[in-house]
Amino acid sequence: MKQKEEMTGTHIKLSVSRKVFLAADYLFLTCSALLCLLPLINVLAVSLSSSNAAAAGYVKLWPVEFTWSSYQYALTKPQFTQAFLISAKRVALGYAVTMLVIILTAYPLSKEKDVFHARGKYAWIFIFTMMFNGGLIPTYMTIRYLGMLDSIWALVLPGAVPIFNVVLMMNFFRTIPHEIEEAAFIDGAGHFTTLLKIYLPLSLPSLATVSLFVIVNHWNSWFDGIIYMNHTYNYPLQSYLRTIIINPDLQSMTSSEQLVMREISERTFKAAQIFLGAIPILCVYPFLQKYFMSGLTMGSVKG
Amino acid sequence: MVCALTFSFHRQQSIHYITPNSSLLTPNFLLLTLTKGVQAVSTVNARTRSLSREYRRQRRLRELPLHLMLIPGLALLIIFHYVPMFGIVMAFENFKPAKGFFGSKWVGWDNFVYMAKLPNMGSVLYNTVFIAVLKIIMGMIVPIFVALMLNEIGNKPFKRTVQTIVYFPHFLSWVILGGVLMDVLSPSTGIVNDLIRFFGGKPIYFLGDKGWFPYTMVITAVWKNFGYDTIVYLAALTNVDRNLYEAASIDGATRMQQTWHVTLPGILPIVTLMGVLNLGNILNAGFDQIFNLYSPSVYSTGDIIDTFVYRLGLEQAQFSVSTAVGLFKSVISIIMVSVANYLAGRFANYRVF
């Protein structure tokens, strides 16, 4: 192949324009990556700068008059730590429940029709909720009549059947050869044993992908906290952050808080909390990222 | 392995075992068994009947665990998705929370008539479709372009690093990104306006200016998601047949021509599929984003159906009208999604389940 290119003489000519192109390409991609990174770095720099420097707009990509005080203030604020704990609890509980439901749902739905005759009917029951839903107010009213307002279960249970993740898991289960499963049946294993001992160990990349989505989704959810929690002290972190970052309600602050606010400035304080809110994602992301490329495309693109 | 194979053979037999050693295997009879199923055979032959009953018992027993596994998911769906669907009746009622779904007064289509007469309904609909369509178009062009660029890179570590960085914003919530954008886009202290000033421009109030707001939404949404959206196109690019490139280069095609005549046609099916599936999003302008970034000063160009439903329902407590608006959106959405899935199934041989 390469020889042919060289023989026709186009190889050398190509490689010059190719070099120019590649240089432009590297430049373009570097710029794209920086475009994604720089706003975040800017906010990080602001959060680590003194309030005067931040208020005057001196901070670009590196902290000016470095200080941890905004972080110290955020972490000693009981409301912040409380919301952080609620979020952690929500992620733990939500992760356990959601993964269990996803796995238990995806396994039967991954069976062919001759193995599981009712599959088609069940599949429609699940898929229909993806296309149509009751809407905001009816869902809110249902939760309210169930007496789940202000309970952590209102944050965990309504989203515990994420159809997209079920489909992802189901498509992965389908790629596992039938022969393995059949051999297990011969050895006397039932469906539950097969799922536990064969399907799950073989699905680790896919489980990692789905885990990433479930954890990130639970950590990032803020809207359900705002509508299902009547009291702000029940807010998970993202809902709490919304109330202070997006709508800072200065009237509700105590006078001592207002005093501190004057010292560390709203801007650096907000920036610090933005970063604290993103830290768990920053921790989970690189760890699971290597799996999700393979796991995701396996599930979503078929042919 | 032999065991497994014989077993699979057995299972197939047991599943279709109504047919063997029956003298009644005429084509007509076959038709009967197909249309009426197992029962048709059992009326003919006593032995077959007991067998088929036994078979169905076994089948039921074998499938029982599968049914059991679906119970938790089904229960959750029924409680949190199907029950609220019945709650939609409140769109036809003058709903009062104290009286419940059954006690509230039935008003028929009144809420929809009221909705149609709301002065801002037209602009809300327009904003929704305008922002959503721009997002769909830009949300496809940019990722495809970046994917093509990434695909040309041979340096694996560089490629991986870029991918890792550009995927990242997708995983942050709109609350966090809302905070970041409010800081970065601020007209007084934001770094973006610093840049604009540096080049001699006037600072732009991206989030507070009526004219800029919809475009700011489109650009920031693309900024958040373009990296992540390249995944599907990168996967499609790796599936393009290598031999076609060799053939093209032997025929003297330049790289540019190869991209145009081999790569793009190669990923066209996926691009079409994504475009068609995006039809279902034509009324989803991005609640999470807009709700966190808009303010009363940009309601005229930035208010979308979902934010309107929220303010109507949960801030003004007009439960029924809000539900009516939501139902209106749901009905249009389900039509669009059905059309999209039909087209996707028809032309791209795609099925969700």
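Residues numbered from 1 in each chain as written. Chains lettered and ligands numbered in written order. Predicted model: local features only at pLDDT ≥ 70, side-chain atom pairs only at ≥ 80, totals over all residues. Heavy atoms only, no water.

A. Inspection of the overall build of chain B at higher detail. Along the backbone of chain B there are 17 helices and two strands. Every one of the 353 residues in chain B was classed for burial, and the buried ones make up 47%. Pairs at least 24 apart in sequence give 62% of the contacts found in chain B among residues at least 6 apart. (Helix = DSSP H or I, 4+ residues; strand = E, 2+ residues; numbered from the N terminus. Buried < 20%, exposed > 50% of the residue type's maximum accessible area, 1.4 Å probe, protein only. Contact = heavy atoms within 4.5 Å.)

B. Inspection of the overall build of chain A at higher detail. The helix and strand inventory of chain A stands at 16 helices and zero strands. Considering only contacts in chain A between residues 6 or more positions apart, those separated by 24 or more positions represent 72%. For chain A, the computed accessible surface area is about 14000 Å², with 67% contributed by carbon and sulfur atoms. (Areas by Shrake-Rupley, 256 points an atom, 1.4 Å probe, with all protein chains shown as cover.)

C. Layout of empty space enclosed by the protein. All names here are of chain A. Using the criterion set out here, one finds three cavities of 30 Å³ or more in the structure. Ser110, Lys111, Glu112, Val115, Phe173, Arg174, Ile176, His178, Glu181 and Tyr199 are the residues that line the largest cavity. When grouped by side-chain class, the residues that make up the lining of the largest cavity number four nonpolar, two polar and four charged. (1 Å grid on protein atoms, 1.4 Å probe; cavity = no way out; pocket = protein on both sides within 12 Å on 5 of 7 lines; lining within 4 Å. Points joined across faces, edges and corners; volume = space filled by probe spheres on them. Nonpolar A, V, L, I, M, F, W, Y, C, P; charged D, E, K, R; others polar.)

D. Seen up close, the packing of aromatic side chains. Taken as a whole, this structure holds 40 aromatic pairs over all chains when the rule is applied. Geometrically, the ring pair formed by Phe291(B) and Tyr310(B) is edge-to-face, given 4.6 Å between the ring centres and 70 degrees between the ring planes. In this pair, Phe291(B) is assigned in helix H14 (residues 287-293) and Tyr310(B) in helix H16 (residues 305-315), connecting sequence segments 19 residues apart. We note that Phe291(B), like Tyr310(B), is buried. Members of the aromatic cluster, connected to one another through ring pairs, are Trp222(A), Phe223(A), Phe287(B), Phe291(B), Tyr294(B), Tyr299(B) and Tyr310(B). (Phe/Tyr/Trp six-rings, centres within 6.5 Å; stacked < 30°, edge-to-face > 60°.)

E. Spatial organisation of the domain arrangement of chain A. All names here are of chain A. Domain parsing of chain A yields domain 1 (2-47) and domain 2 (70-300). Contacts between the two partners involve five residues from domain 1, matched on the other side by eight residues from domain 2. Summing both partners gives a buried area of about 540 Å² for domain 1 against domain 2, and 74% of it is carried by carbon and sulfur. In terms of surface lost to domain 2, no three residues of domain 1 exceed Val43, Val46 and Ser47, which account for 77% of the buried area on that side. Our enumeration of links across domain 1 and domain 2 arrives at zero salt bridges. (Domains from an automatic or database assignment. Buried area = accessible area lost by both parts, 1.4 Å probe. Salt bridge = Lys/Arg side-chain N within 4 Å of Asp/Glu carboxyl O.)

F. Representation of the packing of helix H7 (residues 136-145) of chain A against H16(B) within the structure. The interhelical angle for the contact between H7(A) and H16(B), taken along N-to-C directions, is 40 degrees, at an axis separation of 10 Å. On the side of H7(A), the interface is formed by Leu136(A), Ile137(A) and Tyr140(A), while H16(B) contributes Val309(B), Tyr310(B), Gly313(B) and Leu314(B). A per-class count over the contact of H7(A) with H16(B) returns six nonpolar, one polar and no charged. (Axes fitted to C-alpha atoms, helices over the stretch in contact; angles between N-to-C directions.)

G. Spotlight on the nonpolar core. Within the largest apolar cluster, 182 residues are counted, with the highest numbers of intra-cluster contacts made by Phe173(A), Leu195(A), Phe171(B) and Val325(B). Excluding anything up to four places from it in sequence, Val325(B) contacts Met115(B), Met121(B), Ile305(B), Phe308(B), Val309(B) and Leu312(B). (Core = buried A, V, L, I, M, F, W, Y, C linked by side-chain atoms within 4.5 Å.)

H. Here's a closer look at the environment of Pro205(A). Residue and element names in this part refer to chain A. Tracing the sequence through the fold places proline 205 in helix H12 (residues 204-220). Exposure remark for proline 205: the relative accessible area of 25% places this residue in the partly exposed category. Separated by 107 residues in the primary sequence, proline 205 and threonine 98 place their C-alpha atoms 17 Å from one another.

I. Seen up close, unusual backbone geometry. All names here are of chain A. One non-glycine residue, glutamate 65, adopts positive backbone phi at about 55 degrees. As for its placement among the helices and strands, glutamate 65 is situated in the loop between helix H3 (51-56) and helix H4 (69-76). Taking the relative accessible area as the measure of exposure, glutamate 65 reaches 52% and is therefore exposed.

J. Layout of the packing of helix H6 (residues 119-131) of chain A against helix H9 (residues 163-174) of chain A. Residue and element names in this part refer to chain A. One way to put it is that H6 packs onto H9 with a least axis distance of 10 Å and a crossing angle of 145 degrees. For the pair formed by H6 and H9, the contact residues are Arg119, Phe126, Thr129 and Met130 on the first element and Ile163, Met170 and Arg174 on the second. A per-class count over the contact of H6 with H9 returns four nonpolar, one polar and two charged.

K. Fine view of the interface of chain B and chain A. Each partner contributes residues to the interface: chain B has 97 residues there, and chain A has 109 residues. Summed over the shared surface of chain B and chain A, the result is three salt bridges. Between Arg267(A) and Asp183(B) there is a salt bridge; the shortest N-O distance is 2.8 Å. Here chain B and chain A share 16 residue pairs in polar contact (both at pLDDT 80 or more) between them. For the side of chain B that touches chain A, the element with the most residues is helix H4 (residues 46-86) of chain B, which contributes 20 residues. (Polar contact = N/O pair within 3.5 Å; in protein donor to acceptor, adjacent residues only side chain to side chain.)

L. Summary view of a nonpolar patch on the surface. Residue and element names in this part refer to chain A. Taken together, the side chains of Leu34, Leu38, Ile41 and Leu61 define a hydrophobic patch exposed on the protein surface, amounting to about 280 Å² of accessible area. Here leucine 34 shows up in helix H2 (residues 10-47). For leucine 34, a relative accessible area of 38% gives the class partly exposed. (Patch = residues over 30% accessible without salt bridge, like charges linked within 9 Å, V, L, I, M, F, W, Y side chains within 5 Å.)

M. Quick look at H7(A). Residues and elements named next belong to chain A. Burial analysis of H7 places seven of its ten residues in the buried class, which makes it a mostly covered element. Looking only at H7, the buried set comprises Ile137, Pro138, Thr139, Tyr140, Met141, Thr142 and Ile143. Glycine 147 lies just past H7 and shows a positive phi near 70 degrees.

N. Quick peek at the environment of Ala278(A). Relative to the helices and strands, Ala278(A) is located in helix H16 (residues 266-300). Look at Ala278(A) and you get buried, because its relative accessible area is 5%. Spatially, the C-alpha atoms of Ala278(A) and Trp219(A) are 9.2 Å apart, while their sequence positions differ by 59 residues. Once you skip the residues sitting within four places of it in the chain, Ala278(A) turns out to touch Leu172(B) and Ile176(B).

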